[in-house]
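A closer look at the structure
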Amino acid sequence: MMAAFIPHQGRRVSRLPSIVGRYSPIRRPFCPTTEQRKVAGDERLVFNVSGHKFEVWRGALDAHPDTLLGRFDDREKFFNPDTKEYVLSTTPEMFKYILRFYTNGVLHFPKSDDIHFHTYLEEIEFFEIDPDEHMSHCCFEDYIDRKIQWDIAHRPRMVFVPETLREKLWQMVESPTANISAQVFFYITCFFISLSVTATVLETLACEEVGKIGDPFVIAKARNCRHIFFCIESACVVLFTAEYIIRLYASPNRPLYARSFMSVVDLVSIFPFYVGLCISEESNVQAIFDTLRVFRVFRVFKLCRSSPGMIMLAKTLKISASNLSSLCFALSMICLVFTTIMYYMEKTHNPEKFSSIPAVFWFTVITMTTVGYGDTTPTGFIGKVLTGAWSIICVVILSFPLTILVDTFTAIRESAKARKEKMKQSPEEETDESDDDDESL
């Protein structure tokens, strides 16, 4: 028996969907009946595919001369004169789609996961069938989606080798696993972020002035406590300022980085310290400065740069933003309707709590979130019925965004896990693992 998959010098199938966005349905060719084929002298050819036999009219193959089986010379390479069959060693499940193409003139895409997408591409490439040209209208969108995912997952990856000082600094601050210096910088930064946030919390507890008012000992103790925390804050701010300057200098696109969210977080986290240096304790604007000190807690967001979980959560919110915005708009409209109805139903029974529509919004929100503080409650019968119905409806409505977020987060996590497994299975790509982590940061 003749072996299948003989090397051929035919036209290779395009790896990219060249007609995305301008696809037009393919018209089925005219298929003559069995009697018409017999009268025309057509014959049935038998294909033995890994032990499974298939029959097809020779005219159906000749109708596609630009494919492997459509050319007589290439087709005869698989002919076995002893059994009068064409012998192929391809996959029988996949050959069904190939045979359907020759019979109907259109190519279909397998919906099940039994046939791997890479196997599908290899088969249609072997038979020299162009999917961009012959794919059926019903399967074209699924094929394009799988093709795009395949191209993204298997695109060639470039190893970034920094050469200039800016590139080395950028790799150090953005890629914690790139080299030893990047790891040291990462751990030092995380330590000072944790130290700063911890000091911000403990300062409000340890430096509180208690005891008799005007007690010199208590005042001196509080001042010494504030001096200690001021030294800790100064050391942290010096490091954060140096980090921001390095990032701004080494960034490939400085204007874009200056406008980014993390850049704003860096500035907000160090801004109150420098403002405080310019204000004395006896100044009248000291109270305003104390309010600005709350922005120091934003330094905890600096840890998001190196947290895979926070990165995936940010991607989830970004991808689901459009769906969530539409859902929030619809929910706000429903809240407005319910608030208006509750105002007119309860303003005569409880005019103090239900004094206006904006005031009822508080009751609507705490009822919608099933918190129910109890500070505002309806007293009328209709109001109680509406509140009960609103509580049940909101339980269902609030489950919609959770479904969207969970599905998106699961897809992102599975994609990242599959990418890591692929890198482990491919030894030649293991050296690029650090670069893949850098892209996620």
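If you're wondering where the values come from, they're calculated on a predicted model, not measured in any experiment.

1. Remarks on the overall build of the chain
In terms of regular secondary structure, the chain is built from 19 helices and 4 strands. Out of the 441 residues in the chain, the part that is buried amounts to 36%. Across the chain, the fraction of contacts at a sequence separation of at least 24, relative to all contacts at a separation of at least 6, is 65%. Just so you have it, the chain exposes about 26800 Å², and 64% of that area is on carbon and sulfur atoms.

2. What about helix H15 (residues 321–346)?
Taking 1.5 Å of rise per residue, the 26 residues of H15 would be expected to cover 38 Å, and the 36 Å separating its terminal C-alpha atoms lies within 8% of that figure. Among all positions in H15, only Leu 324, Leu 331, Cys 335, Phe 338, Thr 339, Met 342, Tyr 343 and Glu 346 are buried.

3. Structural notes on helix H12 (residues 261–277)
Look at H12: 26 Å from first C-alpha to last across 17 residues, which is about the 24 Å you get at 1.5 Å a residue. Of all bends in H12, the biggest is about 30 degrees, found at Phe 271, and the proline Pro 272 comes one to four residues later.

4. Regarding the side chain of Glu 233
With respect to the helices and strands, Glu 233 occurs in helix H10 (residues 216–250). Discounting residues that sit within four places of it in the chain, Glu 233 has contacts with Ser 196, Phe 273, Arg 296 and Arg 299.

5. Quick word on the packing of H15 against helix H16 (residues 357–368)
Across the interface, H15 lies against H16 with an axial gap of 9 Å and an inter-helix angle of 120 degrees. As far as their axial angle goes, H16 and H15 are oblique. Remark: the crossing between H15 and H16 carries right-handed chirality. Contacts between H15 and H16 pair Leu 331, Cys 335, Leu 336, Phe 338, Thr 339, Thr 340, Met 342 and Tyr 343 from the former with Ile 357, Val 360, Phe 361, Phe 363, Thr 364 and Met 368 from the latter. Broken down by class, the residue content of the contact of H15 with H16 amounts to 11 nonpolar, 3 polar and no charged.

6. A short note on the sheet that holds strand E3 (residues 79–80)
In space, the 4 strands of this open sheet follow the order E2-E1-E4-E3, with mixed pairing throughout. Since the sheet does not close on itself, it has two edges, and those belong to strand E2 (52–57) and E3, each with one partner. Inspection of the sheet shows E3 paired to strand E4 (residues 85–88) by 2 bridges, in the antiparallel sense. Bridging from a neighbouring strand, Asn 80 pairs with Glu 85 of E4. The strands that helix H4 (residues 92–104) touches are strand E1 (44–49), E2 and E4; relative to E2, the one it contacts most, it runs at about 5 degrees.

7. Quick word on the packing of H15 against helix H17 (residues 381–397)
Here H15 crosses H17 at 170 degrees, and the two axes come no closer than 10 Å. Taken together, H15 and H17 sit at an angle that is classed as roughly antiparallel. Crossing of H15 over H17 shows left-handed handedness. Here Leu 331, Ile 334, Cys 335, Phe 338, Ile 341, Met 342, Met 345 and Glu 346 of H15 lie close against H17, whose contacting residues are Ile 382, Gly 383, Leu 386, Thr 387, Trp 390 and Ile 397. For the contact of H15 with H17, a count of residues per class yields 11 nonpolar, 2 polar and 1 charged.

8. Side note on the environment of Arg 166
Mapping Arg 166 onto the fold places it in helix H8 (residues 165–174). For Arg 166 and Pro 252, which are 86 residues apart along the polypeptide, the C-alpha to C-alpha distance reads 8.2 Å. Those residues in contact with Arg 166 that lie beyond four places of it in its chain are Tyr 249, Ala 250, Ser 251, Pro 252 and Arg 254. Within the structure, Arg 166 has its side chain in polar contact with the backbone oxygen of Tyr 249 (distance 3.0 Å).

9. What about the pattern of salt bridges?
A complete count under the given rule lists 10 salt bridges for this structure. Glu 55 is paired through a salt bridge with Arg 44; the nearest N and O atoms lie 3.0 Å apart. One end of the pair, Glu 55, is in strand E2; the other, Arg 44, is in strand E1, with 11 residues separating them in the sequence. Put simply, Arg 71 and Glu 128 hold a salt bridge, and the shortest N to O gap is 2.9 Å. Remark: Glu 128 occurs in the loop between helix H5 (117–126) and helix H6 (131–134) and Arg 71 occurs in the loop between helix H2 (58–62) and helix H3 (72–76); sequence separation between them is 57 residues. By relative accessible area, Arg 71 is classed as partly exposed at 24%. Overall, the relative accessible area of 2% leaves Glu 128 in the buried class. Connected through salt bridges with shared partners, the residues Glu 43, Arg 58, Asp 62 and Arg 75 form a single ionic network.

10. Details of the environment of Thr 119
Structurally, the position occupied by Thr 119 is in helix H5. With relative accessibility at 27%, the residue Thr 119 sits in the partly exposed group. Taking the C-alpha atoms as reference, Thr 119 lies 8.6 Å from Met 94; in sequence the two are 25 residues apart.

11. Section: the nonpolar core
If you look at the biggest cluster of nonpolar residues, it comprises 36 residues, and the most contacted ones within it are Phe 47, Phe 95, Ile 98, Tyr 120, Phe 127, Met 135 and Tyr 143. Broken down by secondary-structure element, the contributors of at least two residues to this core are E1, E2, H2, E4, H4, H5 and helix H7 (140–153). Not counting residues up to four positions away in its chain, the partners in contact with Tyr 143 are Phe 109, Phe 117, Tyr 120, Leu 121, Pro 131, Asp 132 and Met 135. The next biggest cluster of nonpolar side chains, apart from the first, holds 12 residues, and it includes Leu 331, Met 342, Tyr 343 and Cys 394.

12. Let's talk about the packing of aromatic side chains
In this structure the tally under the stated criterion is 19 aromatic pairs. Between Phe 109 and Tyr 120, the aromatic rings sit 5.2 Å apart at their centres with planes inclined by 85 degrees, giving edge-to-face as the arrangement. Taken together, the residues span a long stretch of sequence, with Phe 109 in the loop between H4 and H5 and Tyr 120 in helix H5 at a distance of 11 residues. Neither Phe 109 nor Tyr 120 differs from the other in exposure class; each is buried.

Each value, and the rule that gives it
- Residues numbered from 1 in each chain as written.
- Predicted model: local features only at pLDDT ≥ 70, side-chain atom pairs only at ≥ 80, totals over all residues.
- Heavy atoms only, no water.
- Helix = DSSP H or I, 4+ residues; strand = E, 2+ residues; numbered from the N terminus.
- Buried < 20%, exposed > 50% of the residue type's maximum accessible area, 1.4 Å probe, protein only.
- Contact = heavy atoms within 4.5 Å.
- Areas by Shrake-Rupley, 256 points an atom, 1.4 Å probe, with all protein chains shown as cover.
- Expected span 1.5 Å × (residues − 1).
- Bend = angle between axes of the 7 residues up to and from the residue.
- Axes fitted to C-alpha atoms, helices over the stretch in contact; angles between N-to-C directions.
- Parallel < 35°, antiparallel > 145°, perpendicular 65-115°, else oblique.
- Left-handed = near helix turned anticlockwise from the far one by under 90°.
- Nonpolar A, V, L, I, M, F, W, Y, C, P; charged D, E, K, R; others polar.
- Pairing = 2+ DSSP bridges.
- Polar contact = N/O pair within 3.5 Å; in protein donor to acceptor, adjacent residues only side chain to side chain.
- Salt bridge = Lys/Arg side-chain N within 4 Å of Asp/Glu carboxyl O.
- Core = buried A, V, L, I, M, F, W, Y, C linked by side-chain atoms within 4.5 Å.
- Phe/Tyr/Trp six-rings, centres within 6.5 Å; stacked < 30°, edge-to-face > 60°.

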